[in-house]
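Coordinate analysis (summary)
Next come the chains, spelled out residue by residue.
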Amino acid sequence: MIDPFGRTVSYLRVSVTDRCDFRCVYCMAEDMTFLPKADVLSLEELERLCGAFIDLGVRKLRLTGGEPLVRKNVMSLVRGLSRRLGNGLEELTLTTNGSQLAKHAAELAAWGVKRLNVSLDTLDRDKFRTITRWGDLDQVLRGLEAARKAGIHIKINAVALKGVNDMEFDALIRWSHGLGMDLVFIEVMPMGEIGETRLDQYLPLSAVRTDLAQRWTLHESDYSTGGPARYATIAETGGRIGFITPLTHNFCESCNRVRLTCTGTLYMCLGQEDAADLRAPLRASESDELLIAAVHEAIGRKPKGHDFIIDRRHTGPAVPRHMSVTGG
Ligand code: SAM
Ligand code: SF4
């Protein structure tokens, strides 16, 4: 799959559910309305869709959501997809809030999951509850422990929020690196109507980096996981720190990914509305011919880049879709 700008698409992110057991303030409203279950693809359909993408050249697959581990029987999908590891697929991974990890970590490792992204913005219990509304920090920490015991490499994703967790960045570095985990900061993105003015919390990571450099020795690194993060190593800890800057830095030129929702909608860009319906061609026939034609047609429409803009007069989202729909 090569798009009109010559970029090879080899990375598929799949949102297996739009539901979640947390209600993070930057991601969802507390009274979110979720998709009717009837609109959501079955796990067998998701597996078939993913299989077609692997046949078409996808090498890295990430399950996300919503919270992927709250989908009933999701481990059967992981098991099914793991059969493609070494048989087209090079990496199978997940992004999770960690709440269900204590239960699933050993099985994930058994099915070939070697790396996980776990989202955690603070180590303060009360603040964790405020940010996630429904989350329990200790439960997530137990999940992390189980994943580390199972030998899974962990990358912590922390959304940088001005006045909320910016005073904790040094502590997050010491904690994550002390446990051998990478730490990646993400800029808050204007996605989805969540009833708050998110840009008030917007913290440019360029400023974070400059501030960190006053206390830590940051060495530029060319380490890459195939994603948009730019990495540095911290001399004092020997650990890695990454920065994902969708608002201050346009990383679209190297974009290798597309995103599939749990209803079978394919988004060619996180920051654009254009999408292709793959559920109809998937259900129209047992052979993959129509589906493959629809995927090729969609890749032919992959846009050059996103256009998130920082417009402080505009308090609505730049992209009306919630992050939990397309998957972060
Ligand atoms: N529930 C899982 C989790 O939290 O890791 C997976 C889905 S979540 C949508 C994926 C990532 O998107 C998380 O790291 C979360 O912090 C991030 N995210 C959600 N809303 C965001 C926003 N408005 N701006 C930046 N990142 C956001
Ligand atoms: Fe759920 Fe992840 Fe969104 Fe938080 S960021 S509400 S954990 S989907």
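Here, the structure is the one placed above.
Quick look at the structure, then.

How each quantity is defined
- Residue numbers here run from 1 along each chain, matching the order of that chain's written sequence.
- Lettering of chains starts at A and numbering of ligands starts at 1, both following the order in which they are written.
- With pLDDT at 70 or above as the cut-off, local features in this predicted model cover only qualifying residues; side-chain atom pairs require 80 or more to be listed or tallied, and sums for whole chains, interfaces and linings still use all residues.
- Based on all heavy atoms of the structure, the side-chain values leave hydrogens and waters out of the count.
- Proximity is defined per residue: if any heavy atom of the residue lies within 4 Å of a molecule or strand, that residue is considered near it.
- Nonpolar residues are Ala, Val, Leu, Ile, Met, Phe, Trp, Tyr, Cys and Pro. Charged residues are Asp, Glu, Lys and Arg, and all others, Gly as well, are polar.
- For helices, the fitted axis covers only the stretch in contact; all axes are lines through C-alpha atoms, and the angles between them, taken along N-to-C directions, range from 0 to 180 degrees.
- The helix count covers DSSP runs of H or I at least four residues long, the strand count covers runs of E at least two residues long, and both are numbered beginning at the N terminus.
- The scheme is simple: roughly parallel for angles under 35 degrees, roughly antiparallel for over 145, roughly perpendicular for 65 to 115, oblique for anything else.
- Left-handed describes a crossing in which the near helix is turned anticlockwise from the far one by less than a right angle; the clockwise case is right-handed.
- Contact definition: two residues touch when any of their heavy atoms are within 4.5 Å.
- Geometry of aromatic contacts follows a simple scheme: Phe, Tyr and Trp rings, the Trp one being its six-membered ring, pair when their centres are within 6.5 Å, and the pair is stacked under 30 degrees between planes, edge-to-face over 60, tilted otherwise.
- Accessible area is worked out with a 1.4 Å probe on protein chains only. A residue is then buried under 20% of its type maximum, exposed over 50%, and partly exposed in between.
- We call a charge positioned over a ring when the NZ of a Lys or the CZ of an Arg lies within 6 Å of the ring centre and within 35 degrees of the ring normal.
- In protein, a polar contact means a hydrogen-donor-capable atom and an acceptor-capable atom, both N or O and within 3.5 Å, with residues adjacent in sequence counting only if both atoms are side-chain atoms; elsewhere, any N or O pair within 3.5 Å suffices.
- Residue burial considers only the protein chains on display, and all accessible areas are found by Shrake-Rupley using a 1.4 Å probe.
- A pocket here means an open set of points on a 1 Å grid, computed over the protein atoms alone, that has protein on both sides within 12 Å along at least five of seven lines. A cavity is instead a set of points where a 1.4 Å probe fits but cannot get out; residues with an atom within 4 Å of a point line either one.
- Grid points are joined across faces, edges and corners, and a volume is the space filled by probe spheres set on the points.

1. Re the site of ligand 2
- Around ligand 2, the neighbouring residues are Cys20, Phe22, Cys24, Cys27, Met28, Gly66 and Asn97.
- Counted by class, the shell around ligand 2 contains 5 nonpolar, 2 polar and no charged residues.

2. With respect to the packing of helix α1 (residues 43-55) against helix α2 (residues 74-82)
- The interhelical angle for the contact between α1 and α2, taken along N-to-C directions, is 25°, at an axis separation of 10 Å. Here α1 is positioned roughly parallel relative to α2, judged by the angle of their axes. Crossing angle aside, the handedness with which α1 passes α2 is right-handed. Taking contact as the criterion, the partners of Leu43, Leu46, Glu47 and Cys50 in α1 are, on α2, Val74, Ser76, Leu77, Gly80 and Leu81.

3. Considerations on the packing of aromatic side chains
- In total, this model carries 4 aromatic pairs according to the counting rule given.
- When the centroid spacing of 5.9 Å and the interplanar angle of 90° are considered together, the rings of Phe22 and Phe128 count as edge-to-face. Here the residue Phe22 occupies a position in the loop between β1 (11-15) and α1, and Phe128 occupies one in helix α4 (residues 125-132), the gap between them amounting to 106 residues.
- Judged by relative accessible area, Phe22 falls into the buried class, the value being 5%.
- With relative accessibility at 2%, the residue Phe128 sits in the buried group.
- Arranged with centres 4.9 Å apart and planes meeting at 80°, the rings of Tyr223 and Tyr231 form a pair that is edge-to-face.
- A relative accessible area of 24% places Tyr223 in the partly exposed class.
- Judged by relative accessible area, which is 1%, Tyr231 ranks as buried.
- Members of the aromatic cluster, joined through ring pairs, are Phe169, Phe185 and Phe243.
- Geometry around Tyr11 places Lys60 over its ring, the cationic atom sitting 4.8 Å from the centre.
- For Arg240, the ring lying beneath its charged end belongs to Tyr223, and the centroid distance is 3.5 Å.

4. Some words on the site of ligand 1
- Taken together, 18 residues form the shell around ligand 1, and within it Tyr26, Gly66, Thr96, Ser119 and Met189 come nearest.
- In this structure, a nitrogen atom belonging to ligand 1 sits 2.7 Å away from a main-chain N or O atom of Met189.
- Protein chains shield 95% of the accessible area of ligand 1, which is 550 Å² for the free molecule.
- Listed by contribution, the elements that provide at least two residues to the shell around ligand 1 are β3 (91-96) and β5 (153-160).
- Along the lines of polarity and charge, the residues of the shell around ligand 1 split into 6 nonpolar, 9 polar and 3 charged.

5. Observations regarding empty space enclosed by the protein
- In the structure shown here, the tally under the stated rule is 1 cavity of 30 Å³ or more.
- In this structure, the largest cavity encloses a volume near 50 Å³.
- Around the largest cavity sit Arg115, Leu116, Asn117, His153, Ile154, Lys155, Asp182, Tyr223 and Thr225, which together line it.
- When contributions to the lining of the largest cavity are tallied by element, the ones reaching two or more residues are β4 (115-119) and β5.
- Its residues assigned to classes, the lining of the largest cavity comprises 3 nonpolar, 3 polar and 3 charged.

No statement about biological role is implied by the geometric values presented.
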